[in-house]
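# Structural overview
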2 protein chains.
Amino acid sequence: MSTFLIPLDSKSRVPIYQQICEYLKAEIQRGRLRAGEKLPSARGLAQNLGISRSTVDLAYDQLVSEGYIEAVPCKGYYICDIDGMYFPKKPIRREEADDASRREQLASPKTQEVFETDFALDGIAPGGFPHHLWKKLARRALAEQEDRLYKPGDPCGEPGLREVLAQYLYQARGVRCVPEQIIVGAGNDYLLLLLGTILGSGRRVAMENPTYLSAYYDFRYTGYEIEAVGQDSLGMKAKELEASRADVAYVMPSHQFPMGMVMPLKRRMELLAWAAAGEERYIVEDDYDSEFRYKGKPVPALQGFDQKDCVIYMGTFSKSLAPTVRVSYMVLPVRLMKQYQSRGGLFAVTVSRADQKILELFLKEGHYERHLNRMRAVYKTKHDLMLREFRELGDLAEISGENAGVHLLVTLKNGLTEQDAVLRAKQAGIRVYGLSQYRIGAAEKIQEHTVVLGYACLEEEEIRAAAKKLKAVWTA
Amino acid sequence: MSTFLIPLDSKSRVPIYQQICEYLKAEIQRGRLRAGEKLPSARGLAQNLGISRSTVDLAYDQLVSEGYIEAVPCKGYYICDIDGMYFPKKPIRREEADDASRREQLASPKTQEVFETDFALDGIAPGGFPHHLWKKLARRALAEQEDRLYKPGDPCGEPGLREVLAQYLYQARGVRCVPEQIIVGAGNDYLLLLLGTILGSGRRVAMENPTYLSAYYDFRYTGYEIEAVGQDSLGMKAKELEASRADVAYVMPSHQFPMGMVMPLKRRMELLAWAAAGEERYIVEDDYDSEFRYKGKPVPALQGFDQKDCVIYMGTFSKSLAPTVRVSYMVLPVRLMKQYQSRGGLFAVTVSRADQKILELFLKEGHYERHLNRMRAVYKTKHDLMLREFRELGDLAEISGENAGVHLLVTLKNGLTEQDAVLRAKQAGIRVYGLSQYRIGAAEKIQEHTVVLGYACLEEEEIRAAAKKLKAVWTA
């Protein structure tokens, strides 16, 4: 081993220690150096190669940390058994034909359409995410927690986050719960699937019609029957709900999606009375965008009035913070917690502890309230602009769903159908959303004249320009 | 407005600009300053209070950013409509009695037991997470992406991450897929629930017995029937599978949990033949800890041999990186992608774009391979130590499930039952896990003599000390 020759190129831009590493790795991978063989001492090798001892030390340290060699105290360095090791490889030329055929089969039939302006219903205001602060909190969350963050966390979510959430929900929304009732999850879809496992099979869910389609599919794929219940200007009709065979009612009382109405207290009480009249009846209250209201006093969450422990309250940070901060939560009635623990409680939490910690700091230190107030001001300006612009249509259109959230509805009164309104907008390079796609039950399709317009993602200038075009094409 | 008096305390530790802010906020909240009212100009107020203009500017900027006042160009500052704003409040004394009763109802019947040493089956080696590097990548991921990170991402996961995953899976595991087939999700439980919505209702799932219980519950709560299929030393018995009425088989061929055997190629081919014999048969291959093998050549994933497009391959970073990096993935057969797009494709991705970006960088830049090699060395040392220690029991015990993963099994041959082994360990302050709890179907309970020992989380010293005690109490 004393005649251990490693070809070194002192003119290369690759540092000497790295050249030694690469050479020894290759020799080990090719099997020319075998498991258990002893390497020359660092001092010996340095002398041999006519380089400094510290350069060899650096190389050996690197090889130890990568698992190629091990240091045996007082003895020296030995080659490890590398069976089962991973060697970074150059990208391999795969069977191109095979890949091509897979790709062809997977190609989407319609290519993505590109619009100049998209009144999209998800997303947030450009620049609306508190990027700088988030990065700072992320650093702190990672630094403060070190090892703890990488052990499995509480399946319900971190106690610290649930504690501040319970406080926030009480103060801002009138929700009454202890932190133990809160389940944190990566988005509403996941939480609704989880809720399905908690409530058990064979349920019938009453949903407002039209409604939030994703929730509709969550329930359907849980195997639940759906009862589409009509709504008037106050929300889900309590009499129709009573007449249905549903034992779960899914509602959005703070700002119904997509219709945008706010359910008044009287109707809320009727829904609670319906739930209280049956042993196993539940209301799912989806409070997805209640953070943004522009007029009138806030109506506290339905959950806060619940005396019978039958409301499942759901909230999310997707709208209020950003859709890819994948954190939602639900507040379970106390009487469902046992069922949760024996069923859903087996599933690991779906949000990383680091993200939960960042959010906890964000709430606890008052950043969330400041953020909401700032965003509310931003969205109110856009909301007011949207109203001003589309009210110029006068008697030709009716605006609804305003005063809360980040979308509103325009119903055309000049005979233009929804399909035509969407098509004409598209021809002008603008994407708007027909109301009919949110309806459950294709059979009872009625001729719609309403489009849904989300304005969170658009700049004021964009709103102005697009509104001008829409008004022109819709009244041409 | 020119006589606008704000009491300032120049001796206070609260900066002057903040005192102005607090005062004005309180006045607005109390309604003494009303929406639409004009504030004095910054210059005027500064003169009035005898302070610098820039201090007032600072205060006004702060109030604008928090949504209390707005700046109208060329006119001045006006009070905003604060209906619906959030005011940070002091924690409110809640109805203590109400909370207390909720907490009482939610109290867990058994208090958490504390053990000196826990041979836990989840978690990773202390210090095993590449903390420093992760923080660096997190900073880069957040910095590089800025706004893009906070728009809704691809429901399947970020294209960049899926691209490097496809390459990694091909090189390391022989999995053949294009990135379009990969679905990223927050943990295997979520992905199995999602898979349930893709495969549709009414399925019968064959599972090895004993098996990974969480998967068992995922399938059960999806509404699937479970067929417990026996296994011999090669894994799930193909004949029993054939005889069952199952149309989905869930297996862990790389390292069965909890039994720890590696399924040889012949048995894998038998399973594939079973799947190919039916139109709508699928194999779910859970490759949860294949990253760590200590002996013998790697057996490529079953998926790589699949000619009939019937294997659903699942992997996770929970074991290889950390359980709270909540990222798992599944590779769907091409023929299931349409079903996915029309069903599960409606659900938003459950992992934040930031986390996906960090992971992409981690894989793309070779850190993952280095990390795996380092951890493999760490775990191999522990694995070898475990073997050495428990083999000292000689004929009194049989060791199995070794050579891969981070757990092994000890079967006592001296008549000691599993229950006694667990109890005696507990009395010595050590937690070990009885095999019987992973069995499906309580009816056919047989007397077990086997305990399962996870060693990832323990230091070598701890393993040595605990093994000594266990050997003593088990042979006493």
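Residues numbered from 1 in each chain as written. Chains lettered and ligands numbered in written order. Predicted model: local features only at pLDDT ≥ 70, side-chain atom pairs only at ≥ 80, totals over all residues. Heavy atoms only, no water.

## A short note on a positive patch on the surface
- Side chains of K136(A), R139(A), K136(B) and R139(B) sit close together on the surface and give a patch of like positive charge.
- At the level of elements, α5 (131–145) of chain A together with α5 (131–145) of chain B are the ones that each hand at least two residues to the positive patch.
- With respect to the secondary-structure elements, K136(A) resides in helix α5. (Patch = residues over 30% accessible without salt bridge, like charges linked within 9 Å, V, L, I, M, F, W, Y side chains within 5 Å. Areas by Shrake-Rupley, 256 points an atom, 1.4 Å probe, with all protein chains shown as cover. Salt bridge = Lys/Arg side-chain N within 4 Å of Asp/Glu carboxyl O. Lys, Arg positive; Asp, Glu negative; His and termini not counted. Charge placed at Lys NZ, Arg CZ, Asp CG, Glu CD. Helix = DSSP H or I, 4+ residues; strand = E, 2+ residues; numbered from the N terminus.)

## Details of the packing of aromatic side chains
Residues and elements named next belong to chain B.
- Tallied over the entire structure, the rule returns 33 aromatic pairs over all chains.
- Geometrically, the ring pair formed by F219 and Y250 is edge-to-face, given 5.7 Å between the ring centres and 75° between the ring planes. Here F219, found in helix α8 (residues 213–221), pairs with Y250, found in strand β9 (residues 248–251); they are 31 residues apart in sequence, far enough to count as distant.
- Note on Y250: relative accessible area 0%, which makes it buried. (Phe/Tyr/Trp six-rings, centres within 6.5 Å; stacked < 30°, edge-to-face > 60°. Buried < 20%, exposed > 50% of the residue type's maximum accessible area, 1.4 Å probe, protein only.)

## Examining the UniProt feature "domain: HTH gntR-type" (unreviewed entry) in chain A
- In this structure's numbering, the residues bearing the UniProt feature "domain: HTH gntR-type" (unreviewed entry) are residues 14–82 of chain A.
- This span, residues 14–82 of chain A, is 51% helix and 12% strand, and a straight line between its end C-alpha atoms measures 25 Å. (UniProt positions renumbered as here; feature names shortened; annotations may be inferred.)

## Focus: the domain arrangement of chain A
All names here are of chain A.
- Here chain A is described as being made up of domain 1 (16–79), domain 2 (94–131 + 369–474) and domain 3 (137–365).
- On a C-alpha basis, the centres of domain 2 and domain 3 stand 26 Å from each other.
- With 30 residues of domain 2 at the interface, the matching set in domain 3 holds 33 residues.
- Carbon and sulfur atoms supply 66% of the area buried between domain 2 and domain 3, which totals about 2,700 Å² over both sides.
- Three residues, L372, Y438 and I440, lead the burial of domain 2 against domain 3; their summed loss comes to 24% of the area buried on that side.
- There are zero salt bridges connecting domain 2 and domain 3.
- Linking domain 2 with domain 3 are twelve residue pairs in polar contact (both at pLDDT 80 or more), by the criterion used here.
- Of all the secondary structure elements, the ones that give two or more residues to the side of domain 2 that touches domain 3 are α13 (367–391) and β14 (407–412).
- Examining the composition of the side of domain 2 that touches domain 3, we find that nine residues originate from one element, α13, more than from any other.
- Considered class by class, the residues forming the side of domain 2 that touches domain 3 number 15 nonpolar, eight polar and seven charged. (Domains from an automatic or database assignment. Contact = heavy atoms within 4.5 Å. Buried area = accessible area lost by both parts, 1.4 Å probe. Polar contact = N/O pair within 3.5 Å; in protein donor to acceptor, adjacent residues only side chain to side chain. Nonpolar A, V, L, I, M, F, W, Y, C, P; charged D, E, K, R; others polar.)

## Describing helix α12 (residues 353–364) of chain A
Residues and elements named next belong to chain A.
- Here α12 is twelve residues long and its end C-alpha atoms lie 16 Å apart, about the 16 Å a rise of 1.5 Å per residue gives.
- Where burial is concerned, most of α12 is hidden: eleven out of the twelve residues are buried.
- Every buried residue of α12 is listed here: R353, A354, D355, Q356, K357, I358, L359, E360, L361, F362 and L363.
- After α12 finishes, the residue G366 shows a positive phi value of roughly 80°. (Expected span 1.5 Å × (residues − 1).)

## Concerning the pairing of strand β12 (residues 328–331) of chain A
Residue and element names in this part refer to chain A.
- Of the two faces of β12, the one lined by S328 and M330 and the one lined by Y329 and V331 are each fully buried.
- The sheet contact formed by strand β4 (residues 182–185) and β12 spans four bridges and is antiparallel. In the sheet register, I183 faces β12, and the bridge partner there is M330.
- In this sheet, β12 lies alongside strand β11 (residues 311–316) in antiparallel orientation, the contact comprising four bridges. Counted as the bridge partner of Y313 is V331 from β12. (Pairing = 2+ DSSP bridges.)

## Some remarks on the relation of the copies chain A and chain B
- When chain A is brought onto chain B, the operation consists of a screw motion whose angular component is 180° and whose axial shift is 0.0 Å, with 0.1 Å RMSD remaining. Viewed as a symmetry operation, the transformation between the two copies matches a two-fold axis.
- The residues that chain A uses at the interface reappear at the interface of chain B in 100% of cases, marking a shared surface. (Least-squares fit on C-alpha atoms with pLDDT ≥ 70 in both.)

## Points about unusual backbone geometry
- Between F257(A) and P258(A) the backbone carries a cis peptide bond, its omega angle lying at 0°.
- Position of P258(A) relative to the elements: it lies in the loop between β9 (248–251) and α10 (265–276).
- For N403(A), which is not glycine, the phi dihedral falls at a positive 80°.
- Looking at where N403(A) falls in the secondary structure, it is placed in the loop between β13 (397–400) and β14.
- Although it is not a glycine, D309(B) sits at a positive phi angle of roughly 60°.
- Turning to its location among the elements, D309(B) is positioned in the loop between β10 (282–286) and β11 (311–316).

## A short note on the sheet that holds strand β12 (residues 328–331) of chain B
Residues and elements named next belong to chain B.
- What the seven strands build is an open sheet, ordered β4-β12-β11-β10-β9-β5-β6; its pairing is mixed. The outermost strands of the open sheet, each flanked by one partner alone, are β4 (182–185) and β6 (225–229). Strand-to-strand twist across the sheet, computed as the mean angle between neighbouring axes with direction ignored, equals 20°.
- Where β10 lies against β11, four bridges are found, and the strand directions are parallel. Its bridge partner lying in β11, I283 is registered against V311.
- Contacts between helix α10 (residues 265–276) and the sheet are confined to β9, β10 and β11, with β10 contributing the most and set at about 145° to the helix. (Axes fitted to C-alpha atoms, helices over the stretch in contact; angles between N-to-C directions.)

## Quick look at the interface of chain A and chain B
- Counting from both sides, the interface comprises 95 residues of chain A and, opposite them, 97 residues of chain B.
- Buried area between chain A and chain B, both sides added, is near 8,600 Å², and the carbon and sulfur share of it is 57%.
- For the pair chain A and chain B, the interface holds zero salt bridges.
- Where chain A packs against chain B, one counts six residue pairs in polar contact (both at pLDDT 80 or more).
- Listing elements by their share of the side of chain A that touches chain B, those giving two or more residues are α4 (96–106), α5, α6 (159–173), α7 (188–199), α8 (213–221), α11 (337–342), α12 and α13 of chain A.
- No other element matches the eight residues that α13(A) contributes to the side of chain A that touches chain B.

## Re the state of the cysteines
All names here are of chain A.
- For the structure shown, the criterion picks out zero disulfides over all chains.
- Just so you know, C177 is unpaired, no disulfide at all, and the nearest cysteine sulfur is the one on C156, 12 Å from it.
- Looking at the unpaired C310, the closest cysteine sulfur is the one in C177, lying at 15 Å.
- Look at C310 and you get buried, because its relative accessible area is 1%. (Disulfide = S-S within 2.5 Å.)

## A look at the sheet that holds β4(A)
Residue and element names in this part refer to chain A.
- Taken in spatial order, the seven strands line up as β4-β12-β11-β10-β9-β5-β6 in an open sheet, and their pairing is mixed. The strands lining the two open edges of the sheet, one partner per strand, are β4 and β6 (225–229). For this sheet the average axis-to-axis angle between neighbouring strands, irrespective of direction, equals 20°.
- Docked against the sheet, α8 engages β5 (204–208), β6 and β9, running at close to 170° with respect to β5.
- Sitting on the sheet, α10 touches β9, β10 (282–286) and β11, and the angle it makes with β10 is about 145°.

## Re the environment of R204(A)
All names here are of chain A.
- Summarising the element assignment, R204 is placed in strand β5.
- As a C-alpha pair, R204 and Y224 span 20 residues in sequence and 5.6 Å in three-dimensional space.
- When neighbours within four sequence positions are excluded, R204 is seen to be in contact with E225, E227, R245, A246, D247 and V248.

## Some points on the packing of α7(A) against helix α7 (residues 188–199) of chain B
- α7(B) packs onto α7(A) with a crossing angle of 80° between their chain directions and a minimal axis gap of 11 Å. What the angle tells us is that α7(A) and α7(B) run roughly perpendicular. Residues Y190(A), L193(A) and T197(A) of α7(A) lie in contact with α7(B), whose contacting residues are Y190(B), L193(B) and T197(B). (Parallel < 35°, antiparallel > 145°, perpendicular 65-115°, else oblique.)

## What to know about the pattern of salt bridges
All names here are of chain A.
- Scanning all chains against the criterion turns up 48 salt bridges over all chains.
- Between R203 and D247 there is a salt bridge, and its shortest N-O distance comes to 3.5 Å. Here R203 is found in the loop between α7 and β5, whereas its partner D247 is found in the loop between α9 (238–243) and β9, with 44 residues between them in sequence.
- Taking the relative accessible area as the measure of exposure, D247 reaches 21% and is therefore partly exposed.
- Note that D232 is salt-bridged to R267, the shortest N-O span being 2.9 Å. One end of the pair, D232, is in strand β7 (residues 231–232); the other, R267, is in helix α10, and 35 residues separate them in sequence.
- Accessibility expressed as a relative area gives 28% for D232, which makes it partly exposed.
- The class for R267 is buried, based on a relative accessible area of 8%.
- Each of D232, K266, R267 and E270 takes part in one network of salt bridges that share partners.

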